[in-house]
Amino acid sequence: MDFTPDPERSRAEMESIQREIAAEATFVDAIDLTPGDVTEGDALVAGVDQAFLLDEEPERAVSAVIVSRGGEVVERTHAVTGLSIPYIPGLLAFREGGPILAAVDTLDCEPDLFLFDGSGRIHYREAGLATHVGVITDTPSVGVAKSLLCGEPRASVDELPEGERVPIDGDDRMPTDEVVGYAYQSRQFDSGRINPLYVSPGHRVSAETAVEFVAACGGEYKLPKPTRRADAYADELKREYTDTNA
DNA sequence: GCGACAG
DNA sequence: ATCTTGTCGC
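Residues numbered from 1 in each chain as written. Chains lettered and ligands numbered in written order. Predicted model: local features only at pLDDT ≥ 70, side-chain atom pairs only at ≥ 80, totals over all residues. Heavy atoms only, no water.

Spelled out, the test is: UniProt positions are given in the numbering used here, feature names are shortened, and annotations may be inferred rather than shown by experiment.
The name an unreviewed UniProt entry assigns to chain A is Endonuclease V, from the organism Halosegnis rubeus. In its Cofactor (unreviewed entry) section, the UniProt entry covering chain A states "Mg(2+)". According to UniProt, the comment filed for chain A under the heading Function (unreviewed entry) is "DNA repair enzyme involved in the repair of deaminated bases. Selectively cleaves double-stranded DNA at the second phosphodiester bond 3' to a deoxyinosine leaving behind the intact lesion on the nicked DNA."

Put into structure tokens, the structure is as follows:
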């Protein structure tokens, strides 16, 4: 089945495709590597993020991918792609999925795990960006979002101590009651007012393991290092493509 | 009609 | 996501 994000689809078709993707997705561990392998340096982890050129017609996206192993960057690549549909909550993958795949396709290596910025199973149809791209590439993937799309934290997420996590249960807007992800406080300074990350399975990883992987990636900031690096790289590229054309 | 809503 | 410098607070 071809799940390539086609922006020309009608909204109903996109939603239908997402249900098919969710059916194909695996929300249990189906990966050889463990979070420990990330720490030990035996896993190739790819961080993916984007920056946008919105003052153009059509708008363009700069998709950046940085692959590291044991904290060392081993490859980085990117793609600049035209965007055809606006951002619609729940349909993010149809706007950004194609551009991301364009960048991933230019990769020389084959990552063992992808970290996407956005949701995975924490999605109305359990098919967020991380799940969509994870299923298409059939590669283990994790979604790392900075805010919650849907689902209900089992407990208050305010003043969550560093390193702690709170399960996110599926709510009435979702087709499941299971734990679809975790609120995870990667960094916390003095008083607890920093929002946690919302980590969810993309494909071939369980919610529990997804958080462990994010924790194993480390980093001195809120975002896991692979994501932060991709973030910085995307911004750097954006500056380049802003003043020039090619 | 009202509220909620990844990036 | 993006527009944007300095600034309030620990």
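**A word on unusual backbone geometry**
The criterion, for reference: Helix and strand assignments come from DSSP, with helices taken as H or I runs of at least 4 residues and strands as E runs of at least 2, each series counted from the N terminus. Summary of the burial criterion: residues with accessible area below 20% of their type's maximum are buried, those above 50% are exposed, and those between are partly exposed, where the area comes from a 1.4 Å probe applied to protein chains only.
Pro 58 follows Glu 57 through a cis peptide bond whose omega is 0°. By the secondary structure assignment, Pro 58 is in the loop between strand E1 (44-53) and strand E2 (60-69). Not every positive phi belongs to a glycine, and Glu 126 is a case in point at roughly 55°. You can call Glu 126 buried: its relative accessible area is 11%. Of note in the backbone geometry, Glu 159 takes a positive phi value of approximately 55° without being a glycine. Within the fold, Glu 159 resides in the loop between strand E6 (152-153) and strand E7 (165-169).

**Some words on the UniProt feature "binding site: Mg(2+)" (unreviewed entry) in chain A**
Test applied: Two residues qualify as a contact provided that any one of their heavy atoms is within 4.5 Å of a heavy atom in the partner residue.
What UniProt calls "binding site: Mg(2+)" (unreviewed entry) maps, in this numbering, to Asp 49 and Asp 117. Spanning 69 residues, the named residues form one tight spatial group whose C-alpha atoms are at most 6.1 Å apart. Contact partners of Asp 49, with chain neighbours within four places excluded, come to Val 62, Ser 63, Ala 64, Asp 117, Thr 227, Ala 230, Asp 231 and Ala 234. Along the polypeptide, Asp 117 turns up in strand E4 (residues 113-117). A relative accessible area of 19% places Asp 117 in the buried class.

**Thoughts on the protein's contact with DNA strand B**
Note the cut-off: One heavy atom suffices: a residue is near a molecule or strand as soon as one of its heavy atoms comes within 4 Å of it. In protein, a polar contact requires one atom able to donate a hydrogen and another able to accept it; more generally it is a pair of N or O atoms within 3.5 Å, and residues adjacent in sequence count only if both atoms are side-chain atoms.
Not every one of the 16 residues close to DNA strand B is listed here, only the nearest: Tyr 87, Gly 90, Ser 119, Leu 129 and Lys 146. Between DNA strand B and His 123 there is a distance of 3.4 Å, counted from a base nitrogen to a side-chain nitrogen or oxygen. The backbone of Lys 146 places a nitrogen or oxygen atom 2.7 Å from a phosphate oxygen of DNA strand B.

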